[in-house]
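Overview (structure and organization)
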Amino acid sequence: MDVALAAGVSEMAASSALNGGRRGSARVSAETRERVLAAVQRLGYRPNANARALASRRTNAIGVVTNFLGDEPNLYFLEVFSGVIQGATAAEQTTAVFTLGSWDEAAARIPALCDGRVDGLILLAPRLQDDGSAWLPSHTPMVSVHAERPASGVVNIESDNESGACQMVRELLARGHRRILHVGGPAGFSGADQRAEGYLRAHAEAGVKPAPGHVVRAPLSTEGGREAMQEWLLHHRGRPLPEAVFGGNDAIAFGCIEALRARGLRVPDDVTVVGYDHTLMARWVDIATVRQPLHEIGRRSVEVLVQRIEAHRRGEPYPGPLNIVLPTEVVLGATLAGPRRTRLTIA
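Quick caveat, the model's predicted, so the values are computed rather than measured.

Rules of the game
Residues numbered from 1 in each chain as written. Predicted model: local features only at pLDDT ≥ 70, side-chain atom pairs only at ≥ 80, totals over all residues. Heavy atoms only, no water. 1 Å grid on protein atoms, 1.4 Å probe; cavity = no way out; pocket = protein on both sides within 12 Å on 5 of 7 lines; lining within 4 Å. Points joined across faces, edges and corners; volume = space filled by probe spheres on them. Helix = DSSP H or I, 4+ residues; strand = E, 2+ residues; numbered from the N terminus. Nonpolar A, V, L, I, M, F, W, Y, C, P; charged D, E, K, R; others polar. pLDDT = per-residue confidence, 0-100. Contact = heavy atoms within 4.5 Å. Pairing = 2+ DSSP bridges. Axes fitted to C-alpha atoms, helices over the stretch in contact; angles between N-to-C directions.

Some thoughts on the layout of surface pockets
By volume, the largest pocket amounts to about 1,200 Å³. Forming the walls of the largest pocket are 50 residues, and the residues nearest its centre are N74, Y76, A125, F189 and L220. Broken down by secondary-structure element, the contributors of at least two residues to the lining of the largest pocket are α5 (75-90), β5 (155-159), α8 (190-206), α9 (222-235) and α10 (250-262). With five residues, α8 is the single largest residue contributor to the lining of the largest pocket. Across the lining of the largest pocket, the residue classes tally to 21 nonpolar, 19 polar and 10 charged.

See below:
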């Protein structure tokens, strides 16, 4: 080995120094490592990544598998992925993104990704048709984020959707709102269903019966929120205007604001509007929302995945929990106020 010869060390010492990453290897001294790195620089040596992966039985690469819905920028994904990149950088992992046209492809596509190109996978908001026990490869550790259902051998990380929604509706009720419209995400999406349950739980705890027809569902997008709000207003002409609107996510809340303003209504002077997620756009416009720690979820997903990879290499079971739930918090913003003193009627 030319590097070992130039540094005046054994091939084993040179290999340990080169494969130890930025922190180095405990098998060689700092002085030996510096000599090897100096030789590398003089010779212009570049390690063969494939050969290194074969020798160490790891690629130091992780994959993120997801599916993009619609044409709008997915701010939820960007927030989580930002945390993934931060976590991967800290763990000295490279990151690859694999996109699916639909989660219906998962049973065919995911096993094909477990061919040694990555050491583990993060499944972002997977909607699997079953628990994957018949097709998820056991030789590739996996972590999911906000999974629709438990998957065999996969650690899931999520936030407490029901609690977050309940906290927000409690805040609205405490400020005196009684006619609270919930424009939630699609029925059958676990996160959307949990947030709707939180809306109902807050009302039940306060002894307040939700107004009839004040829970509707919409796609998780600005367009979805706008169209759902427009349609609801159209079908409720002559009836009292909601005092507050709770969007199932920030994008839905933005769409509701657009629909209300198009009718000449002011937010929050006429109607309070709140969202869920605390995405970058929500922070820009100071919308009241529920913060779920998306960046932290992404970072933790890498941390847990690396722990699973290391345990798998040692032939040991992963010692941590299979479901990790992070707390949420209400973020007050400029779109939140108390109810009007006089009731408005939908024109």
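Points about the confidence of the model for the chain
Looking at the chain as a whole, the pLDDT averages 89, with 87% of positions reaching at least 70. Below pLDDT 50 for its whole length, residues 49-56 participates in seven contacts with residues either more than four positions away or in separate chains.

A few points about the sheet that holds strand β8 (residues 244-247)
Hydrogen bonds between backbone atoms are what pair the strands of a sheet, whose relative direction is either parallel or antiparallel. Pairing is parallel in the open sheet, where four strands are placed in the order β7-β6-β8-β9. Single-partner strands in this sheet number two, and they are β7 (215-217) and β9 (272-274). Direction aside, neighbouring strands of the sheet carry axes that sit 15° apart on average. Relative to β7, strand β6 (residues 180-184) is paired through three bridges, and the arrangement is parallel.

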